[in-house]
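Structure at a glance
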Amino acid sequence: MPRFSLSAKWHTPCYEKLSALEWTSGFSIASHGVRIGVRTSDPSIVPILKDSLPASCELCEAEAVDTVLSVVLGGRDKKTRTRRYHLVYHNHSVFSRSHRLEEIIDGFKSCLAMNLATLARRRVFIHAGAVGWQGKAIVFPGKSYSGKSTLVLELIKAGASYLSDEFAVLDFKGRVHPYPKPISLRKTANGKQMDVSISSIGGTTADAPLTLGLVVDTQFQPNALWLPRMLSPGEGLLSLLANCAAARYAPERCLRAMERASQNAQFIASPREEAASVVPEILDLLRTETETDEFAGVVQGSAESAHSLGL
Amino acid sequence: MPMPSEIRPKARTARIVVRELGSEVLIYDLDSHDATCLNAAASKVWKLCDGKRTIGEISAELENEACGGSAEENVLTALENFIQANLLEEVPEIETSDGENRRDVLRGIVASATAIPLATTISVPAMAQIASCLGRRERCRRFFGPECCPGLECRRRRCRPE
């Protein structure tokens, strides 16, 4: 069981009390320059936690970590006949609490992703869907419920390679790195997510970073018309910044990565209706994107046809 | 009451991150976490707001480049955008004979200008606000972790219909 060493600012009385509990097993992981310690009160949950790690995470031996996630297993106590909660702590504070183990695993995954996204020093995480097409990355920044995952799913069916449905991970060379995980679709009535594996839909995951080619600021709206408008670099960066995980903590670093990525990219914005109906047009935009005049013509053509319809 | 020509707007320099993107300028406010994109016209005005030039002098410098409307209108509209986005340093609080201060005077002048947006401002959300949302009856925390999905709100530690 590694003894994690955490920055002094986290050594609060709550963290000291938590650390004094009996921790039977733990492991360290590293991803995108972030080191995270995970410890549990019950070794039986370790394989489940390791299975839930994102593909980018590697196990390591580090004891000096950026953050510590602590998983406490509850359950029924036969002596006192009480039912204790399962808990996930992020450093000194409770992140998730439930009697259901699957909710705790979801909480652990969510906490891990948030920490990676905000603490990564060598990468900038944009909350976005991302796919690869003809050697370039197409990114769809957007909040939850904007239809990112549905659009990513349809693009994969059309032959695009998968990068992520949650984060577009930018480096400082203007490339988008894969953040592969099963696509999370909201199918159930209560808004819960259902995971769809890429292989089950016949898709492939990109195995190398791709240069950013196109940023599409779009979200689902019933009865919306697809009218792509070309954004200026500044407007494009605003749309990325509005979905950048670490923007508030490291705005200068985020802007530097986004500015570098935007040098080779085009930005468009439009509302959309069904994802399947706009997929060919989005792929066409990237096809013509290398010829800037032609690209502007395609975008302009869409706007003019809308104008002729009196819109 | 001071004439507009007496007012020397000064662009804010403290607690902001500025990136030049060709003819545009993107400014991130470290205090309010607002990001503002100035278009080419507003960027030129921004660069001339050094606290030494008056509005009249800035307008005169941009006279030849004004496209659509007079240069002074463009400058006043840009200044209005800067005031809204808190991108100007405090104008010295000098009382006029009417009891107004210079900032009020400046605000009054620019309010009369044509309101063509020359800057776009967004509020940059915290990570918790952009992360994937929680479904109905899922456990939530008000100030940390993912938010509840649209149509739901965090009440009594559960996402419940609004």
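Every value quoted in this text rests on a predicted model; they were computed, and no experiment measured them.

Definitions and limits used
Sequence order as written defines the numbering, with residues in each chain counted from 1. All chains are assigned letters beginning at A, and all ligands numbers beginning at 1, according to the order in which they are written. In keeping with the predicted nature of the model, local features appear solely for residues at pLDDT of at least 70, side-chain atom pairs appear and are counted solely at 80 or more, and the whole-chain, interface and lining totals rest on all residues. In computing side-chain properties, one takes all heavy atoms of the structure into account and sets aside hydrogens as well as water. Under the DSSP-based scheme used, a helix requires at least four consecutive residues in state H or I and a strand at least two consecutive residues in state E, with every element numbered from the N terminus. Exposure categories follow from relative accessible area, calculated using a 1.4 Å probe and restricted to protein chains: below 20% of the type maximum is buried, above 50% is exposed, and the middle band is partly exposed. In what follows, residue pairs with any heavy atoms lying within 4.5 Å of each other are defined as contacts. Calculation of accessible area relied on Shrake-Rupley with a 1.4 Å probe; when residues are assessed, cover is drawn exclusively from the protein chains displayed. Two strands qualify as a pair provided that DSSP identifies no fewer than 2 bridges between them. Salt bridges are identified by distance alone: a Lys or Arg side-chain nitrogen within 4 Å of an Asp or Glu carboxyl oxygen. A fitted line through C-alpha atoms represents every axis, and for helices the fit uses only the stretch in contact; the resulting angles, taken between N-to-C directions, go from 0 to 180 degrees. Working definition: roughly parallel below 35 degrees, roughly antiparallel above 145 degrees, roughly perpendicular at 65 to 115 degrees, and oblique for all remaining angles. In this analysis the probe radius is 1.4 Å and the grid spacing 1 Å, with only protein atoms considered; a cavity is a set of points the probe fits into but cannot get out of, a pocket is an open set with protein on both sides within 12 Å along at least five of seven lines, and lining residues have an atom within 4 Å of a point. Grid points are joined across faces, edges and corners, and a volume is the space filled by probe spheres set on the points. The aromatic pairing rule takes the rings of Phe, Tyr and Trp, using the six-membered ring of Trp, and pairs them if the centres are within 6.5 Å, calling planes under 30 degrees apart stacked, those over 60 edge-to-face and the rest tilted. Placement of a charge over a ring requires the Lys NZ or Arg CZ to be within 6 Å of the ring centre, with the centre-to-atom vector within 35 degrees of the ring normal. Whenever a nitrogen or oxygen atom comes within 3.5 Å of another N or O atom, the pair is scored as a polar contact, on the condition that within protein one atom can donate a hydrogen and the other can accept it, and that pairs from neighbouring residues in sequence are kept only if both atoms are in side chains.

1. Here's the deal with the overall build of chain B
Looking only at helices and strands, chain B features five helices and six strands. When each of the 162 residues of chain B is scored for burial, the buried share is 47%. Partitioning the contacts of chain B with sequence separation of at least 6, the portion at a separation of at least 24 is 48%. With the model as given, the accessible surface of chain B reaches about 8200 Å², and the carbon-plus-sulfur share is 48%.

2. With respect to the overall build of chain A
A count of helical and extended segments in chain A gives eight helices and 18 strands. With 311 residues in all, chain A has 53% of them scored as buried. Within chain A, counting contacts between residues at least 6 apart in sequence, those at least 24 apart form 66% of the total. In the form shown here, chain A has an accessible surface area of approximately 14100 Å², with 50% of it arising from carbon and sulfur atoms.

3. Describing the pairing of strand 1 (residues 25-31) of chain A
Residue and element names in this part refer to chain A. Where burial is concerned, most of strand 1 is hidden: five out of the seven residues are buried. As defined by bridge partners, strand 1 adjoins strand 2 (residues 34-40) across seven bridges and the pair is classed as antiparallel. Considered in strand 2, the bridge of Phe-27 is made with Val-38. Here strand 1 hands over to strand 2 after two residues, with His-32 in that stretch at a positive phi of 50°.

4. What to know about the pattern of salt bridges
All chains considered together, the criterion is met by 15 salt bridges over all chains. Of the charged contacts, one joins Lys-181 of chain A and Asp-165 of chain A as a salt bridge, the two residues approaching to 2.9 Å between their closest N and O atoms. With Lys-181 of chain A in the loop between strand 13 (175-177) and strand 14 (183-186) and Asp-165 of chain A in the loop between strand 11 (161-164) and strand 12 (167-170), the pair connects residues that are 16 residues apart, well separated along the chain. For Asp-31 of chain B, the salt bridge identified is with Arg-15 of chain B, shortest N-O distance 2.9 Å. Of the two residues, Asp-31 of chain B sits in the loop between strand 2 (24-29) and strand 3 (34-38) while Arg-15 of chain B sits in the segment before strand 1 (16-21), which places them 16 residues apart along the sequence. Under the relative-accessibility criterion, Arg-15 of chain B is labelled partly exposed at 47%. In the salt-bridge network here, residues are joined through shared partners; they are Arg-12, Arg-15, Asp-29 and Asp-31 of chain B.

5. Some words on the pairing of strand 2 of chain A
All names here are of chain A. Most of strand 2 is tucked away: six of the seven residues are buried. Bridge count for strand 2 against strand 4 (residues 67-72) is five bridges, and the pairing is parallel. Among the inter-strand pairings, Val-38 is bridged to a residue of strand 4, identified as Leu-69.

6. Description of the packing of helix 1 (residues 40-48) of chain B against helix 3 (residues 71-84) of chain B
All names here are of chain B. Between helix 1 and helix 3, the least distance of the axes is 9 Å, while the angle of their chain directions is 80°. Here helix 1 is positioned roughly perpendicular relative to helix 3, judged by the angle of their axes. Across from Ala-42, Val-45 and Trp-46 in helix 1, the residues of helix 3 making contact are Val-75, Ala-78 and Phe-82.

7. Thoughts on the sheet that holds strand 4 of chain A
Residues and elements named next belong to chain A. Judged by pairing direction, the sheet is mixed, and its six strands sit side by side in the order 3-1-2-4-7-8 without closing on themselves. A strand with exactly one partner marks an edge of an open sheet, and here the two such strands are strand 3 (58-60) and strand 8 (93-98). The mean inter-strand angle of the sheet, taken between neighbouring strand axes irrespective of direction, is 25°. In the packing of helix 3 (residues 101-119) onto the sheet, contacts are made with strand 1, strand 2, strand 4, strand 7 (86-90) and strand 8, and the angle to strand 8 comes to roughly 150°.

8. Section: helix 4 (residues 148-157) of chain A
Residue and element names in this part refer to chain A. Of all 10 residues making up helix 4, seven are buried, and the element is well covered by its neighbours. What helix 4 keeps buried is the set Lys-148, Ser-149, Leu-151, Val-152, Leu-153, Leu-155 and Ile-156. A positive phi of about 110° marks Gly-159, the residue just after helix 4.

9. Side note on empty space enclosed by the protein
Residues and elements named next belong to chain A. Under the definition given, this model contains one cavity of 30 Å³ or more. The computed volume of the largest cavity comes to approximately 40 Å³. Considering the residues around the largest cavity, the lining is formed by Phe-140, Pro-141, Ser-146, Gly-147, Lys-148, Leu-151, Thr-218 and Arg-272. Elements with a contribution of two residues or more to the lining of the largest cavity: strand 10 (136-141) and helix 4.

10. Let's talk about the environment of Val-124 of chain B
Residue and element names in this part refer to chain B. Checked against the element boundaries, Val-124 lands in the loop between strand 4 (119-123) and helix 5 (127-130). Note on Val-124: relative accessible area 0%, which makes it buried. When the C-alpha atoms of Val-124 and His-33 are compared, they prove to be 5.6 Å apart, with 91 residues separating the residues in sequence.

11. Looking at the packing of aromatic side chains
In this structure the tally under the stated criterion is four aromatic pairs over all chains. Consider the rings of Trp-46 of chain B and Phe-82 of chain B, whose centres lie 5.7 Å apart with planes at 80°: the pair is edge-to-face. You can see Trp-46 of chain B sitting in helix 1 and its partner Phe-82 of chain B sitting in helix 3, a full 36 residues away along the chain. With relative accessibility at 9%, the residue Trp-46 of chain B sits in the buried group. Grouping aromatic residues by their ring pairs yields a cluster made of Phe-125, Phe-167 and Tyr-179 of chain A. Positioned above the aromatic ring of Phe-27 of chain A, the side-chain terminus of Lys-50 of chain A is 5.2 Å from the ring centre.

12. A few points about the environment of His-11 of chain A
Residues and elements named next belong to chain A. Topologically, His-11 is positioned in the segment before helix 1 (13-19). Taking the C-alpha atoms as reference points, His-11 and His-92, separated by 81 residues in sequence, lie 8.2 Å from one another. With residues up to four places along the chain from it excluded, the contact list for His-11 reads Leu-6 and Glu-16. Polar side-chain contacts of His-11 include one of 3.1 Å to the backbone oxygen of Leu-6. Of the polar contacts made by the side chain of His-11, one reaches the side chain of Glu-16; its length is 2.8 Å.

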